[in-house]
Structure formats: structure tokens, C-alpha cells
Amino acid sequence: MEGTLKGWKSEAMSPPGRGVMEKVVLESVPVYTMTTFILPKTTIKMVTSIIRDFWWGKLGPKKGIYMDGWDGLCKSKEKGGNGLKKLEIMNLSLIANNGWRLFHQPNSIFSKTMKGRYFPNSNPFHATCNDGSSWAWKGLHKVLMILKGFSI
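Small disclaimer: the values here were computed from a predicted structure and weren't measured.

Colleague: Explain the environment of proline 40 here, please?
Modeller: Mapped onto the fold, proline 40 is located in the loop between α3 (31-36) and α4 (41-55). Proline 40 sits in the partly exposed class, given a relative accessible area of 45%.

And the structure:
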């Protein structure tokens, strides 16, 4: 990601321009991976740091200060923020979409594969996850357990 940013001069961009560039390019780079796997916290921190530094025009060895906290920038525009996304929440929501597919598209290859391998005689909420499970199932299982906590 840093290689992509080398030619960009965020200081020369207006805040709306930086916001568009951040959303279109920087947030979209990890989306494919985040759809399948839960990214490690260190990776999320690193990517968030790159996005934050680009937002504040602090690329390379330059030092600077952040004028607003990341939580403030991640608020929706209606609530006074800039509408940037928190990658950890985005990661979980993209994986939760796969959980939705398990229930609403039971005849898809994805659903049939997961059911055959991890919960052939039960539903996904009662399935287990062990060390031999795929990374995709581990991420999906974690999200399903979060959702299970909200169900009645």
C-alpha cells in the first residue's frame, strides 16, 4: 500500500479529495482478503496507520500531529465525522455476509462445502472449530459465535 501512495501528495488534496482517494483505493485494497479471513490485529493496525498517515498528509519520514482522533474521523458524516471505516468492524461485517449466505443460499457451492465439512448434521451455530479447520471457517465461526450471542 505504501508503494501505491509514494506518488500521491495528500497535502495538495482537499479533505474531500483525500476522503475519496482513501475510500476508493486504500480501503478497497484489503477487501478481498477481509471477505474470507479475519486479519490479524497487527495487520489492521498497520493498514489503519497507513490510511491515517495519508489522511493527515504524513507520508515518509515527516513528523506531524493528528488534528482529530481516528474515532472522530470514522464517525458517519451525519454525525460530524468523515465517514472513514474502521477496518476491524469492516472485516467482521464482510465475513458476516458469508454467514448470511450460509442461511439464505443453501444450495450455493460455498454453503454446501461448509456444511459438508464443518456441520453435516447440525446448523452452523452448533458447529465446532478446531486447529485443523480452514482459516475461512475459523473466521466465519468467530462471527457466527458473535451473532449467536445476539440471538434469542
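Now, onward.
Colleague: What is the right way to read the packing of aromatic side chains from this model?
Modeller: When we look at a pair of aromatic rings, we describe it by the centre distance and by the angle of the planes. Under the definition given, this model contains 3 aromatic pairs. Both rings, one in phenylalanine 103 and one in phenylalanine 125, keep their centres 5.4 Å apart while their planes meet at 20°; by these two values the pair is stacked. Of this pair, phenylalanine 103 sits in helix α6 (residues 87-104) while phenylalanine 125 sits in the loop between α7 (109-118) and α8 (135-150); the two residues are 22 residues apart in sequence, bridging distant segments of the chain. By relative accessible area, which is 39% here, phenylalanine 103 ends up partly exposed. Three or more aromatic residues joined by ring pairs form one cluster here, namely Tyr118, Phe119 and Trp137. Positioned above the aromatic ring of tryptophan 135 is the side chain of lysine 138, whose terminal nitrogen or guanidinium carbon lies 4.5 Å from the ring centre.

Colleague: Explain the confidence of the model for the protein to me, please; I cannot follow it from the model alone.
Modeller: The predicted coordinates ought not to be read in detail in places where the model reports low pLDDT. Residues of the protein with pLDDT of at least 70 account for 72%, and the chain-wide mean is 79. Here helix α1 (residues 2-5) stands out as the element of the protein with the lowest mean pLDDT, 54, in contrast to α7, whose mean of 93 is the highest.

Colleague: Where do I start with the nonpolar core in this structure?
Modeller: Generally speaking, a soluble globular protein has its nonpolar side chains buried in company with each other. One finds Met34, Leu39, Ile44, Val47, Ile51, Trp55, Trp70, Leu73, Cys74, Leu84, Leu87 and Met90 forming the largest nonpolar core, which totals 12 residues. Listing elements by their share of this core, those giving two or more residues are α4, α5 (70-73) and α6. With 4 residues, α4 is the single largest residue contributor to this core. In this structure, Leu102, Phe110, Phe119 and Leu144 belong to the second largest nonpolar core, which totals 11 residues.

Parameters at a glance
Residues numbered from 1 in each chain as written. Predicted model: local features only at pLDDT ≥ 70, side-chain atom pairs only at ≥ 80, totals over all residues. Heavy atoms only, no water. Helix = DSSP H or I, 4+ residues; strand = E, 2+ residues; numbered from the N terminus. Buried < 20%, exposed > 50% of the residue type's maximum accessible area, 1.4 Å probe, protein only. Phe/Tyr/Trp six-rings, centres within 6.5 Å; stacked < 30°, edge-to-face > 60°. Lys NZ or Arg CZ within 6 Å of the ring centre and 35° of its normal. pLDDT = per-residue confidence, 0-100. Core = buried A, V, L, I, M, F, W, Y, C linked by side-chain atoms within 4.5 Å.

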